[in-house]
Amino acid sequence: MTQKNILYALIFIFLNPMLVLAQKSWSLDECINYAIENNLSIKDFKYSEDSGQETKRQVYRNLFPRISGNVGYSIQYGRSVDPNNNTFVSTDFFSNNYSINASVDIFNGWQKLNTIASAKFIHKALSEETLQEKYMLAFRVMEHYYNVLYFKKAVEIFKAQEQISKTNFTFVKRQKDMGIKAGADVYTAESAFMTDKLKLTQAINNLQLAKLQLAQEMNLENPLQIQINEIPTLGRKEKQNDSIHSVKHIYNKATLFIPSIKASKARVASAKKELAISRGALAPMLSFSLGYGTGYYETNVDDTGKIISFNKQLKDNASTSVGVNLRIPIFQAWSRRSNIKQKKIALLQAENSFELEKQELRKIIEQLIQDYTSSISEYEQTQQQEKARELSFKIAQKKYSNGLINAIDLNTEKNLYATAQNENLQVELKLKVQEQTLLFYRGIQVFNIKKTNKR
């Protein structure tokens, strides 16, 4: 290739990035990670998690002393009280006030410490809920991924069926020209060929739809970019009565790491701390405070009637305060008692939600094991059925070539073979999804989800 041709090729590639993207082959993990990075719902969960993180940081900051400064400037008109000596004056004057105050809680019924603990549990729950949403998205992407794979292989099956029908149609036409076959046989063979051609078109359309659904789940703009990698065929199946497939074994493992379970557990712990906070409001509150203040007054004059200078007044009028404040709640219209009751109810609701999550998890695992066991039996039978239908079809082809059966019988055998192929493929991929799901609930890493950087 000349340098000029190489230059043209490079320009063509750079000006057609979609051509390069179209050649990309996506693995399941790549599809999942792309979906997670571009999913808007997960971004919402992440924003909630970030908000919880900031809340947690702020409750720690609330342990610091509270410091405030104040600067005041006022002008008095007409008859008013002189703030310097509390006497009435009739002249207009102005004054400045400056102060700084600091206070810190010594004891408040452990409310701040319990608030810190509650915020930590809430942030943990939000983090687990974000991870749960990622896993749910991963399972949806995996389902669509296998749908694409199914229809991709279905297209291959119907292509083979169409080729067989086309070959038979050509063969019958040739025999009809030779006077061996009647015209009706040609029409029957052509009808079978057109039917298989339609099935192939439908399979191609279904494949494009499956790619579109996968691209939408990934939030990928161009579904034509989806070229997926092949999944390894199923290997040896574990025994159905193996202890690792018992509901109790999987359930006990799943409760230790399933994010939704951990999130519910954290919310129960947070609800307990919220109850402790509400009870802490009944305890006396002890705080310590410091203050410094000074001021400048236009009415503050010396013996000669001259206004004392600004700097001297700030020094002379300075005052410092130190105080300890004890506040004892006596009666607040039962609001604190009512709040305690509400927090108790909230705790009961959180505990009930936790039990519901565990109950739902157990149901999912029971159903999954039942479906998996059934799918193993189905897969073994569909494998045998496909082999038997393949052999029957090959025999039918030979019989048809020898004139022992008609075209209708041959098409029936061909359709039964194609149906058996599709059923076996469908069960195989369904079983593959169930295997991956079981591995997940057993605590084995299934999805290689990348960790996002903390903001």
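Since the model is a prediction, treat every value here as computed from it, not as a measurement. (Residues numbered from 1 in each chain as written. Predicted model: local features only at pLDDT ≥ 70, side-chain atom pairs only at ≥ 80, totals over all residues. Heavy atoms only, no water.)

### Some thoughts on the overall build of the protein
Now for step 1: Looking only at helices and strands, one finds eleven helices and six strands in the protein.
Now for step 2: Of all 455 residues assigned to the protein, the portion counted as buried reaches 37%.
Now for step 3: Look at the contacts in the protein between residues 6 or more apart in sequence, and 80% of them connect residues 24 or more apart.
Now for step 4: Only carbon and sulfur atoms are counted for the fraction: they give 55% of the accessible area of the protein, which is about 27500 Å². (Helix = DSSP H or I, 4+ residues; strand = E, 2+ residues; numbered from the N terminus. Buried < 20%, exposed > 50% of the residue type's maximum accessible area, 1.4 Å probe, protein only. Contact = heavy atoms within 4.5 Å. Areas by Shrake-Rupley, 256 points an atom, 1.4 Å probe, with all protein chains shown as cover.)

### Examining a positive patch on the surface
Now for step 1: Side chains of R279, R337, K341 and K344 sit close together on the surface and give a patch of like positive charge.
Now for step 2: For the positive patch, the element with the highest residue contribution is helix α10 (residues 335-401), accounting for three residues.
Now for step 3: Within the element layout of this structure, K341 appears in helix α10.
Now for step 4: Residue classification places K341 among the exposed residues on the basis of a relative accessible area of 58%. (Patch = residues over 30% accessible without salt bridge, like charges linked within 9 Å, V, L, I, M, F, W, Y side chains within 5 Å. Salt bridge = Lys/Arg side-chain N within 4 Å of Asp/Glu carboxyl O. Lys, Arg positive; Asp, Glu negative; His and termini not counted. Charge placed at Lys NZ, Arg CZ, Asp CG, Glu CD.)

### Quick look at the packing of helix α7 (residues 247-257) against α10
Now for step 1: The N-to-C vectors of α7 and α10 enclose an angle of 135°; their axes lie 10 Å apart at closest approach. One way to sum up the angle between α7 and α10 is to call them oblique. The crossing of α7 and α10 is right-handed. On α10, the residues touching V247, I250, Y251, A254 and T255 of α7 are K358, L361, R362, I365, E366 and I369.
Now for step 2: When the residues that make up the contact of α7 with α10 are grouped by side-chain class, the tally is seven nonpolar, one polar and three charged. (Axes fitted to C-alpha atoms, helices over the stretch in contact; angles between N-to-C directions. Parallel < 35°, antiparallel > 145°, perpendicular 65-115°, else oblique. Left-handed = near helix turned anticlockwise from the far one by under 90°. Nonpolar A, V, L, I, M, F, W, Y, C, P; charged D, E, K, R; others polar.)

### Structural notes on the nonpolar core
Now for step 1: Ranked by size, the top nonpolar core spans 60 residues in total, and within it Y441 and F447 carry the most contacts.
Now for step 2: Broken down by secondary-structure element, the contributors of at least two residues to this core are α3 (28-38), α5 (111-177), α6 (183-218), α7, α8 (259-280), α10 and α11 (407-441).
Now for step 3: For this core, the element with the most residues is α5, which contributes 14 residues.
Now for step 4: When near neighbours in sequence (up to four residues on either side) are disregarded, Y441 contacts I250, K253, A254, F257, I258, L361, I364, I365 and L368. (Core = buried A, V, L, I, M, F, W, Y, C linked by side-chain atoms within 4.5 Å.)

### Digging into the sheet that holds strand β1 (residues 66-76)
Now for step 1: What the four strands build is an open sheet, ordered β1-β4-β5-β6; its pairing is antiparallel. In the strand order of this sheet, the two ends are held by β1 and β6 (319-327), each with one partner. With direction set aside, neighbouring strand axes in the sheet form an average angle of 20°.
Now for step 2: Summarising the sheet, strand β5 (residues 285-297) and β6 pair through nine bridges and their orientation is antiparallel. (Pairing = 2+ DSSP bridges.)

### Overview of the packing of aromatic side chains
Now for step 1: Going through the model one piece at a time under the given rule, you end up with 14 aromatic pairs.
Now for step 2: With 6.3 Å between their ring centres and 45° between their planes, F440 and F447 make a pair best called tilted.
Now for step 3: Following the ring pairs from residue to residue traces out a cluster consisting of Y135, F139, F257, F440, Y441 and F447.
Now for step 4: Across from the ring centre of F354, 4.6 Å away, lies the NZ or CZ of K358, which sits over that ring.
Now for step 5: Between the NZ or CZ atom of R362 and the centre of the ring of Y251, over which it lies, the distance is 5.2 Å. (Phe/Tyr/Trp six-rings, centres within 6.5 Å; stacked < 30°, edge-to-face > 60°. Lys NZ or Arg CZ within 6 Å of the ring centre and 35° of its normal.)

### Focus: the side chain of Q111
Now for step 1: With respect to the helices and strands, the residue Q111 is situated in helix α5.
Now for step 2: Judged by its relative accessible area of 18%, Q111 is buried.
Now for step 3: In contact with Q111, other than residues within four places in its own chain, are I277, G280, A281 and M285.

### A few points about the environment of G293
Now for step 1: Assignment of secondary structure puts G293 in strand β5.
Now for step 2: Look at G293 and you get buried, because its relative accessible area is 13%.
Now for step 3: Between the alpha carbons of G293 and S99 there is a distance of 4.0 Å; along the sequence they are 194 residues apart.
Now for step 4: Those residues in contact with G293 that sit more than four places away from it in its chain are Y98, S99, N317, A318 and S319.

### Some details on the side chain of S278
Now for step 1: Locating S278 in the fold gives a position in helix α8.
Now for step 2: Overall, the relative accessible area of 3% leaves S278 in the buried class.
Now for step 3: Among the polar contacts listed, one links the side chain of S278 to the backbone oxygen of L275, at a separation of 2.7 Å.
Now for step 4: In this structure S278 touches N339, I340 and K343, once residues within four positions along its chain are discounted. (Polar contact = N/O pair within 3.5 Å; in protein donor to acceptor, adjacent residues only side chain to side chain.)

### Some thoughts on the environment of I32
Now for step 1: Secondary-structure assignment places I32 in helix α3.
Now for step 2: On the accessibility criterion, I32 (2% relative accessible area) is buried.
Now for step 3: Taking C-alpha positions, I32 is 9.1 Å from R140, a pair spaced 108 residues apart along the chain.
Now for step 4: If sequence neighbours within four positions are ignored, I32 has contacts with A138, V141, F447 and I449.

### A look at the confidence of the model for the protein
Now for step 1: In this model, the protein carries an average pLDDT of 84, and 86% of its residues clear a pLDDT of 70 or more.
Now for step 2: Put simply, helix α1 (residues 3-15) is where the protein has its lowest mean pLDDT, 42, and α8 is where it has its highest, 95.
Now for step 3: Every residue in residues 234-243 is under pLDDT 50, and counting partners more than four places away or in other chains gives 19 contacts. (pLDDT = per-residue confidence, 0-100.)

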